[in-house]
Amino acid sequence: MSATSLFRKSPLLVCLLSSAAFVATPAFAQEGTTAAAAVVDDLGDILVTAQKRTENLQSVPISIQAFGTEKLNQLQVKEFGDVVRFLPSVTLQTAGPGFTQVYFRGVASGENANHSTSLPTVGVYLDEQPITTIQGALDIHAYDLARVEALAGPQGTLYGASSMAGTIRIITNKPDSSKFYGAVDGEINTVADGGVGGVLQGFVNAPLGDRAAIRTVAWYRKDAGFIDNQQGCRTYPTSGIEQCNDALAKENYNDVDTYGGRIALGIDLDDDWTITPAIMGQIQNANGSFTQQSNLPRQTTEQYNPEVSKDRWFQAALTVEGAIGNWDVTYAGAYLKRKVETESDYSDYAYFYDALFGYGAYFTDNNDELVSPNQYIKGIDRYTKQSHELRIASPASERLRFIGGLFFQRQTHNIEQNYIIDNIADAITVTGTDSNIWLTKQFRVDRDYAAFGQMSFDFTEKLTGTAGLRVYRFKNSLEGFFGYSAGFSSRTGEAACFGPAVVEGSPCTNVDKTTSGTGTIGKLNLTYTINDDALVYATWSSGFRPGGVNRRGTLDPYDADKLNNFELGWKTSWADRRLRFNGAIYQQNWDGVQLSFLGANGLTEVRNAGKARIRGIEADIGWRENGLTLSAGGSFNDAKLTRDFCKIANVDFDCTVPADNELLAPTGSRLPVTARFNFNSVARYEWDISEWQAHVQGAVVHVGSRLSDVRPDVAALEGDLPAYTTADFSIGASNDRFSVELFATNLFNANGLLNRSFQCGEGVCGDPEDVTASGGISYSAITRPRLIGLKFGAKF
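This one's a predicted model, so the numbers in the text were calculated from it and none came from an experiment.

**Re the overall build of the chain**
Alright, step 1. When you go through the chain residue by residue, the secondary structure sums to 8 helices and 44 strands.
Alright, step 2. Here the C-alpha radius of gyration of the chain, 27 Å, is about what a compact globule of 796 residues would show, namely 28 Å.
Alright, step 3. In terms of overall dimensions, the chain has C-alpha extents of about 80 × 60 × 45 Å along its principal axes.
Alright, step 4. When burial is assessed residue by residue, the chain has 58% of its 796 residues classed as buried.
Alright, step 5. Counting contacts in the chain only where the partners sit at least 6 residues apart, residues at least 24 apart contribute 70% of the total.
Alright, step 6. Of the roughly 31600 Å² of accessible surface on the chain, a fraction of 56% belongs to carbon and sulfur atoms.
Alright, step 7. Side-chain charges of the chain comprise 69 positive and 90 negative groups, with the mean position of each set lying 4 Å from the other.

**Here's the deal with the pattern of salt bridges**
Alright, step 1. According to the stated counting rule, one finds 31 salt bridges in the structure shown.
Alright, step 2. Taking the shortest distance from any N to any O, the salt bridge between Arg221 and Glu79 comes out at 3.2 Å. Residue Arg221 is located in strand β14 (residues 212-223), and its partner Glu79 is located in the loop between α4 (69-74) and α5 (80-84); the two are separated by 142 residues in the primary sequence.
Alright, step 3. By relative accessible area, Arg221 is classed as buried at 2%.
Alright, step 4. The partner of Arg711 in a salt bridge is Asp709, and the shortest N-O contact between them spans 2.9 Å.
Alright, step 5. Take Arg711: its relative accessible area is 15%, and that puts it in the buried class.
Alright, step 6. By sharing partners, the salt bridges in this structure join Lys52, Glu128, Glu389 and Arg391 into a single network.

**What to know about the nonpolar core**
Alright, step 1. Counting 62 residues, the largest nonpolar core has Phe104, Ile140, Trp590, Phe645 and Leu671 as the members making the most contacts within it.
Alright, step 2. Counting residues per element, this core draws most heavily on strand β10 (residues 145-152), which supplies 4 residues.
Alright, step 3. Ignoring any residue separated from it by four or fewer positions in sequence, one finds Leu671 in contact with Gly106, Ala108, Trp590, Ala612, Ile614, Ala639, Lys640, Leu641 and Val710.
Alright, step 4. In this structure, Val60, Ala66, Leu158 and Phe544 belong to the second largest nonpolar core, which totals 22 residues.

**Description of the packing of aromatic side chains**
Alright, step 1. In total, this model carries 27 aromatic pairs according to the counting rule given.
Alright, step 2. With 6.2 Å between their ring centres and 35° between their planes, Phe180 and Phe796 make a pair best called tilted. Of this pair, Phe180 sits in the loop between β11 (166-172) and β12 (181-191) while Phe796 sits in the segment after β44 (787-795), and the two are 616 residues apart along the sequence. The pair Phe180 / Phe796 is uniform in exposure class, with both members buried.

**Re the sheet that holds strand β6 (residues 122-126)**
Alright, step 1. The 5 strands are arranged β3-β10-β11-β6-β7 in an open sheet whose pairing can be described as mixed. Each edge of the open sheet carries a strand with a single partner, namely β3 (64-68) and β7 (129-130).

**Focus: unusual backbone geometry**
Alright, step 1. Put simply, Val657 and Pro658 share a cis peptide bond, and its omega is -5°.
Alright, step 2. Take Pro658: it is sitting in the loop between β36 (645-646) and β37 (663-665).
Alright, step 3. Phi is positive for Asp368, close to 65°, though the residue is something other than glycine.
Alright, step 4. In this structure, Asp368 sits in the loop between α7 (347-357) and β24 (376-393).

**Observations regarding the environment of Ala355**
Alright, step 1. Its place among the elements puts Ala355 in helix α7.
Alright, step 2. Once the C-alpha coordinates of Ala355 and Thr238 are considered, the two residues, 117 residues apart in sequence, prove to be 7.3 Å apart.

**Topic: the environment of Leu248**
Alright, step 1. Mapped onto the elements of the fold, Leu248 is located in the loop between β17 (242-244) and β18 (256-268).
Alright, step 2. For Leu248, a relative accessible area of 27% corresponds to the partly exposed category.
Alright, step 3. Separated by 17 residues in sequence, Leu248 and Gln231 place their C-alpha atoms 7.8 Å apart.
Alright, step 4. In this structure Leu248 touches Asn229, Gln303, Tyr304, Asn305 and Pro306, once residues within four positions along its chain are discounted.

**Structural notes on the pairing of β44**
Alright, step 1. As paired strands, β12 and β44 are joined by 9 bridges and run antiparallel to one another. Considered in β44, the bridge of Gly186 is made with Phe792.
Alright, step 2. Pairing geometry for strand β41 (residues 738-745) and β44, over 8 bridges, is antiparallel. Considered in β44, the bridge of Phe738 is made with Ala794.

**What about the environment of Thr572?**
Alright, step 1. Residue position: Thr572 is located in strand β30 (residues 561-574).
Alright, step 2. The buried category is assigned to Thr572, whose relative accessible area is 9%.
Alright, step 3. If we skip the residues at most four places from it in the chain, Thr572 touches Gln58, Asp533, Ala534, Leu579, Arg580, Phe581 and Asn582.
Alright, step 4. A polar atom in the side chain of Thr572 sits 2.6 Å from the backbone oxygen of Phe581.

**Overview of the side chain of Arg391**
Alright, step 1. Secondary-structure assignment places Arg391 in strand β24.
Alright, step 2. The buried category is assigned to Arg391, whose relative accessible area is 6%.
Alright, step 3. At 2.9 Å, the side chain of Arg391 forms a polar contact with the side chain of Glu128.
Alright, step 4. At 2.8 Å, the side chain of Arg391 forms a polar contact with the side chain of Glu389.
Alright, step 5. If we skip the residues at most four places from it in the chain, Arg391 touches Lys52, Glu128, Asp328, Val329, Thr330, Ile403, Gly404, Gly405 and Phe452.

**Details of the confidence of the model for the chain**
Alright, step 1. Here the chain averages 89 in pLDDT, and 91% of its residues register 70 or above.
Alright, step 2. Note on residues 1-43: pLDDT is under 50 here. Beyond four places in sequence and across chains, it has 73 contacts.

**A few points about α7**
Alright, step 1. Among all positions in α7, only Ser347, Asp348, Tyr349, Ala350, Tyr351, Phe352 and Asp354 are buried.
Alright, step 2. Positive phi appears at Gly358, one or two residues downstream of α7, with a value of about 70°.

**Points about the side chain of Glu618**
Alright, step 1. Within the secondary structure, Glu618 sits in strand β34 (residues 611-625).
Alright, step 2. Here Glu618 falls in the buried class, since its relative accessible area comes to 5%.
Alright, step 3. A distance of 2.3 Å separates a polar atom in the side chain of Glu618 from a polar atom in the side chain of Ser89.
Alright, step 4. For Glu618, the residues in contact, after removing those within four places along its chain, are Ser63, Ser89, Arg105, Ala152, Asn582, Gly583, Ala584, Tyr586, Gly634 and Ser635.

**Structural notes on the pairing of β6**
Alright, step 1. With respect to burial, β6 is a largely interior element, 5 of its 5 residues being buried.
Alright, step 2. Side-chain alternation along β6 places Val122, Val124 and Leu126 on one buried face and Gly123 and Tyr125 on a second face that is also buried.
Alright, step 3. Here 5 bridges tie β6 to β11, and the two strands are oriented parallel to one another. In the strand pairing of β11, Val124 is matched with Ile168.
Alright, step 4. Bridge count for β6 against β7 is 2 bridges, and the pairing is antiparallel.

Conventions used here
- Residues numbered from 1 in each chain as written.
- Predicted model: local features only at pLDDT ≥ 70, side-chain atom pairs only at ≥ 80, totals over all residues.
- Heavy atoms only, no water.
- Helix = DSSP H or I, 4+ residues; strand = E, 2+ residues; numbered from the N terminus.
- Rg over C-alpha atoms; globule rule 2.2 N^0.38 Å.
- Buried < 20%, exposed > 50% of the residue type's maximum accessible area, 1.4 Å probe, protein only.
- Contact = heavy atoms within 4.5 Å.
- Areas by Shrake-Rupley, 256 points an atom, 1.4 Å probe, with all protein chains shown as cover.
- Lys, Arg positive; Asp, Glu negative; His and termini not counted.
- Charge placed at Lys NZ, Arg CZ, Asp CG, Glu CD.
- Salt bridge = Lys/Arg side-chain N within 4 Å of Asp/Glu carboxyl O.
- Core = buried A, V, L, I, M, F, W, Y, C linked by side-chain atoms within 4.5 Å.
- Phe/Tyr/Trp six-rings, centres within 6.5 Å; stacked < 30°, edge-to-face > 60°.
- Pairing = 2+ DSSP bridges.
- Polar contact = N/O pair within 3.5 Å; in protein donor to acceptor, adjacent residues only side chain to side chain.
- pLDDT = per-residue confidence, 0-100.

Okay, structure coming up:
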């Protein structure tokens, strides 16, 4: 890809950089200054705001990892998933761009992220505002970030719903009124057995007088494809109709284009009050499938219908910071709007159901002639999210310190999923659609209200106690339609409707449910500061995830689940702070676990299935000496059910009651998705060459084996996700104005499996090479193959 094509596809970036070049004077160009937004002192300490106060990371009695601006660049971080690789307590599960779930410390039950099921267990924040939408986090391009903070364990007291297992905070660089500066950065890369990609991005920070500044950021990224959609044909057994994919066969067909921007305005109203309005938006167009097929060569699949995702979102935010007397006051509000359009191949489902049950015989046209049972999905998901928080904080220098406030958020999800079989008869088409065999058209609303407070008291100069409390209320609803036409099913879909349409685009209403709940969560902490370089702490903290609605009419809503965390931790510096060693040992008790699984007719069901226990340890160590920096981090989690998981939940966890109940997973079953052991290490050496500083760096990331499902029989059927290890390498140089770097990620081209899905024949997936009716097809999302790239940058 040429630089010309990059500019052609990113007009916003062209305008930004052109205006920057026009207004940059020689005096400014000599400055070569970048934003120091991730504040770092001479010892490399990062100042964080994890507790909603600015504090030194080494002084915060929380298990937290933070990466500043330079570190993010050194680790080749371009997107959310790149950060997670270097967080050993965090696991990422993805089906492609924009469809990512994040888990902390083994708190995962195998959720399938269905639109009508559980909220995430990890909260993701952009600056002060939560951005976790109902089906997961936004896939934000990582550029001009001050830092990323990862807070392990329940953060419910200060961060509330869906921060049950942890919180990730993405913090942008703020407008700076002290001087004019900016940067332009580019990259060109190639993927092993794939295509060519690249990045072009830049920012400009411009003062608007002594008390105001504007910061403008723009980016374009081309992620090259690496999955081949091979040519193939299949014959549907009932009709004998053949389907071929010649028009869709293509090499490297899963490429992605991402472009967007951010504008923030900082205004100091006076010495005490500052307002920062900001708007950020991104468009991400992804083609193809991001999974490889089990019975085909590596990085190969065979899909028969288009697979496309178009993800567009923007967020407008306002932060007001000030003081009343010597108390700090902060308001943070935001409005997020997101629209995701998808096309998905569903022909495997059509083929196997036809082969097994002769379903193809039901699909005829208006002349009663058989049509191809080929099925595909066209979806439109529309999200909105608004959040408001008002808090106050007493002076941080006082012996008794308090922070507290009020919080409200409302998020909506307008769900539209069209399951289409072309040319079917009007009698079996869902009313109001062109050729839908199934329609999901629902409107979901999740509301959260909370009041919170946290108080710290210094009993002595060395001993500090902290207590926190959050009182919450949630109210979540789901209404609309799902199912077949009345002409295709006499029991479900339109036949089950009990009222006229309340959601536009639906034929009638067969689901209208609301659930709500109130409760409290808390935190207690004792921190003992041994000296300026060492502290130890003990913490009990709790978090929650709101309950929700099961759309199947016969099922009750599911309740909130809660996590209680008992933790002992330490933070230490040694050898004149050249060596650091931090860690934590913990036990987490998970009550009312929300477990989701596919029930009858392929509908996801959620049950408060039981209890689980996670015991673990996490630690990180770092050393800096004469240009050499070494760091490593690791985690071990032993996560198990402590009560039987029954198909029908009951307070006694008795899987024999009622008579049609059954045991799905016994006590002691290992929780899925997350590895017992994760590890990463980074080594970097820097040295001077005249006016340049050169560097060489290597990094290793190891992810242990994982189960795909908590149910032992299903996990055995699907098989483990095996352990994998990736290695990265880079070499480059920079001075006050320019930088250049040659890098490689996944240097040895490991084929790590991130998650797996199946379409089975006869309910059996034992032989993934057998794609007949008695076998099945397995798909695995994989790590990006080896990527080699050249980066270049200029500051002004």
